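The primary structure of each chain is shown beneath.
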Amino acid sequence: MEVHEDASSVILPAVFLVYQTISDFREKLKHPVMSVSYKEVSLYDAPGIAFYPGKARLLSCKHHYYDHIPPLINPGQPGDIECTTQRINYTDPFTNQSMKYALVVQGPRDVKKKELVFLQFHLNGTDQDFSAIDYLLFSSFQEFINSPEKAEFMKDCESSYSSWKFSGGFRTWVKMSLVKTKEEDGSETVEFKQETSVVNYIDQRTKPRSDQLFFVVFEWKDPFIQTVQDIVTANPWNMIALLCGIFLALFKAADFAKLSVKWMIKIRKRHRKRSHQVRNHIN
């Protein structure tokens, strides 16, 4: 009886531990842990900034450094365009009917020198209550330049990336950060995060105007590229080693129970033999 209880006291916890180990392994497979890492860079791959100005016209575009933008000279008048730009028309990827016009500009690269791109647009009158220019960011301006099918490239970008707006009559300062996400199949997606600050433009032109001026600045927020990926913490080898340990303990418990039974039988036989000898002696 005692042997049976000793074996049960070993087997039942072992069975529960096997069940718990397998359950934990399955849960870890279903719920991977998100891992976030950061890589510091001194130069980014220059992003592409695609503007959809509509009737607005680009007046000036310049690269500046160390967060310094010199005072405006003749705002509202054409100025220097010292940026690399590309104009392109393509079919709207969502309707496949209407044509879209985009002005693609090379973004900043040197985050250590706080490089920024400052652009000025002009809209000569509008019948809309509100005026804004749409734009989107994509990861590499050079990939766009090297692409033989630039229209298809822009259609893919518009389908994959979010678009934003900046309003007329303000200077919108956009600080970008880059997030890369590694998928389970090994592919990698790129996403831009933005922090924007808006400052009112004080129009000091002498004559009253019905036109609109747009000012926008693009700059990298910091030199860190964020990488996000899901990591499966379930290790099959650890589970196999644990199960082997459990089964080894069960086998040892079974051997112990078997030896205990043999020992009990042997003790009983000796006891019966001695009892029989005592009775014969008395007789």
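Located above this text is the structure these notes cover.
The sections below set out a description of the structure shown in this document.

Definitions and limits used
Residues numbered from 1 in each chain as written. Predicted model: local features only at pLDDT ≥ 70, side-chain atom pairs only at ≥ 80, totals over all residues. Heavy atoms only, no water. Helix = DSSP H or I, 4+ residues; strand = E, 2+ residues; numbered from the N terminus. Buried < 20%, exposed > 50% of the residue type's maximum accessible area, 1.4 Å probe, protein only. Areas by Shrake-Rupley, 256 points an atom, 1.4 Å probe, with all protein chains shown as cover. Contact = heavy atoms within 4.5 Å. Pairing = 2+ DSSP bridges. Core = buried A, V, L, I, M, F, W, Y, C linked by side-chain atoms within 4.5 Å.

Okay, the overall build of the protein next. When you go through the protein residue by residue, the secondary structure sums to 4 helices and 12 strands. In the protein, which comprises 283 residues, the share counted as buried stands at 34%. Carbon and sulfur atoms make up 53% of the accessible area of the protein, which amounts to about 18,800 Å² in all.

As for its placement among the helices and strands, lysine 155 is situated in helix α3 (residues 150–160). Apart from residues lying up to four places away in sequence, lysine 155 is in contact with Tyr90, Thr91, Pro93 and Asn96.

Two elements, strand β2 (residues 48–52) and strand β5 (residues 99–106), share 4 bridges in a ladder whose sense is antiparallel. Bridging from a neighbouring strand, alanine 50 pairs with valine 104 of β5. With 7 bridges joining them, strand β4 (residues 85–91) and β5 adopt antiparallel strand pairing. Considered in β5, the bridge of arginine 87 is made with leucine 103.

Turning our eyes to something else, we now look at the nonpolar core. Residues Phe51, Leu119, Phe121, Tyr135, Phe166 and Phe218 are the most contacted members of the largest nonpolar core, which totals 28 residues. Among the elements of the structure, β2, β3 (57–64), β5, β6 (116–123), β7 (132–138), β9 (170–182) and β11 (212–220) are those that each provide at least two residues to this core. Every residue in contact with phenylalanine 121, bar those within four places of it in the chain, is listed here: Phe51, Pro53, Arg57, Leu58, Leu59, Leu103, Ile133, Phe166, Gln212, Leu213 and Phe214. The next biggest cluster of nonpolar side chains, apart from the first, holds 14 residues, and it includes Ile88, Ala102, Phe141 and Phe153.

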